[in-house]
Amino acid sequence: IGRALLTSPSLLLMDEPLASLDLARKAEVLPFIARLARELFIPILYVSHSLNEVLNLADTIVILDAGRVVAHGKIEELMSRIDLQHLTGIADHGAVISTVVENHDQDLTLLRFQGGLLRVPRCDLPAGSKIRVHIKARNVAIALQAPADTSFRNILPARVEKISNENGSLVDVRLNIGATLLARITPSARQSLDLRPGREVFALIKSVAVLIGNSNLEER
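In short, a report on the structure.

Regarding the overall build of the protein chain
Okay, so step 1: The helix and strand tally for the protein chain stands at six helices and 15 strands.
Okay, so step 2: In terms of C-alpha radius of gyration, the protein chain reaches 19 Å, essentially the compact-globule figure of 17 Å for 220 residues.
Okay, so step 3: Expressed as lengths along the three principal axes of its C-alpha atoms, the size of the protein chain is roughly 60 × 45 × 30 Å.
Okay, so step 4: Here the protein chain holds 220 residues, and 40% of them are scored as buried.
Okay, so step 5: Summarising the internal contacts of the protein chain: among those between residues at least 6 apart in sequence, 58% fall at separations of at least 24.
Okay, so step 6: A gap of 2 Å separates the mean positions of the 25 positive and 24 negative side-chain charges of the protein chain.

A short note on unusual backbone geometry
Okay, so step 1: Even without glycine at this site, Ser8 takes up a positive phi of about 55 degrees.
Okay, so step 2: The backbone of Glu16 sits at a positive phi, close to 45 degrees, despite the residue not being glycine.
Okay, so step 3: Residue placement: Glu16 occurs in the loop between β1 (12–15) and α2 (23–40).
Okay, so step 4: Note on Glu16: relative accessible area 30%, which makes it partly exposed.

Considerations on the nonpolar core
Okay, so step 1: Ranked by size, the top nonpolar core spans 31 residues in total, and within it Ile135, Ile142, Val173, Leu175, Leu181 and Leu195 carry the most contacts.
Okay, so step 2: It is strand β10 (residues 154–164) that contributes the most residues to this core, four residues altogether.
Okay, so step 3: With residues near it in sequence (within four places) discarded, Leu181 still touches Ala95, Ile135, Val140, Val173, Arg174, Leu175, Ala203 and Ile205.
Okay, so step 4: Core analysis: the next-biggest nonpolar cluster, separate from the first, contains 12 residues, Leu51, Leu55, Ala58 and Leu78 among them.

Some details on the pattern of salt bridges
One side chain can pair with another of opposite charge once the charged atoms of both are near each other.
Okay, so step 1: Per the stated rule, a full pass over the model turns up 11 salt bridges.
Okay, so step 2: Asp124 is the partner of Arg122 in a salt bridge, and the nearest nitrogen-oxygen pair spans 3.2 Å.
Okay, so step 3: Assessed through its relative accessible area of 38%, Arg122 is described here as partly exposed.
Okay, so step 4: For Asp124, a relative accessible area of 68% corresponds to the exposed category.
Okay, so step 5: Between Glu161 and Arg174 there is a salt bridge, with its nearest N and O atoms 3.3 Å apart. Here the residue Glu161 occupies a position in strand β10, and Arg174 occupies one in strand β11 (residues 171–176), the gap between them amounting to 13 residues.
Okay, so step 6: Judged by relative accessible area, Arg174 falls into the partly exposed class, the value being 28%.
Okay, so step 7: One continuous salt-bridge network, built from bridges that share partners, spans Asp194, Arg196 and Arg199.

Cut-offs used in this document
- Residues numbered from 1 in each chain as written.
- Predicted model: local features only at pLDDT ≥ 70, side-chain atom pairs only at ≥ 80, totals over all residues.
- Heavy atoms only, no water.
- Helix = DSSP H or I, 4+ residues; strand = E, 2+ residues; numbered from the N terminus.
- Rg over C-alpha atoms; globule rule 2.2 N^0.38 Å.
- Buried < 20%, exposed > 50% of the residue type's maximum accessible area, 1.4 Å probe, protein only.
- Contact = heavy atoms within 4.5 Å.
- Lys, Arg positive; Asp, Glu negative; His and termini not counted.
- Charge placed at Lys NZ, Arg CZ, Asp CG, Glu CD.
- Core = buried A, V, L, I, M, F, W, Y, C linked by side-chain atoms within 4.5 Å.
- Salt bridge = Lys/Arg side-chain N within 4 Å of Asp/Glu carboxyl O.

Shown next as structure tokens:
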């Protein structure tokens, strides 16, 4: 990377640069790569099979399948598309939301987004820092009423926008919480809750992955 920078490039092509590194070394190098684009104003074309690397580094993504472009756009838009889950990864399928650090409250950090506040494990970043969160569909539950006594730290008013059962045994529900959120539930749960587009519900978020370049924190 250093030799490439000495040539004053107008663009950097990185083809799976971290593939041979272990997780600890990747965690060290990821924030350095993120700083390159910000501080040196060099566009980076980053090729990777690692969703974690893409989520931490990319703003715009191009998804290829057998050498063919099947989708391109902002990462927040593409990650929430149900029809792309077979390419983005069913286990990691979910929503990516852009947030700003509001403040810190004991062991929690409050992140502001268009729909309100998200509470995540404390991350020592100054107020105003921009970070993204990745909320997997399997970590989101739906309720018709907000529970009074619960360990959930994130209970948000939501509206059902779309329901899809492309996955067969499970149902994907797209929710609007001021940003797009996805929930993956069973068909019986959908039936008992009588979920349908336009219905007002509450989204209960069990776990939030915080993407800040060199960290991937989770809250239970």
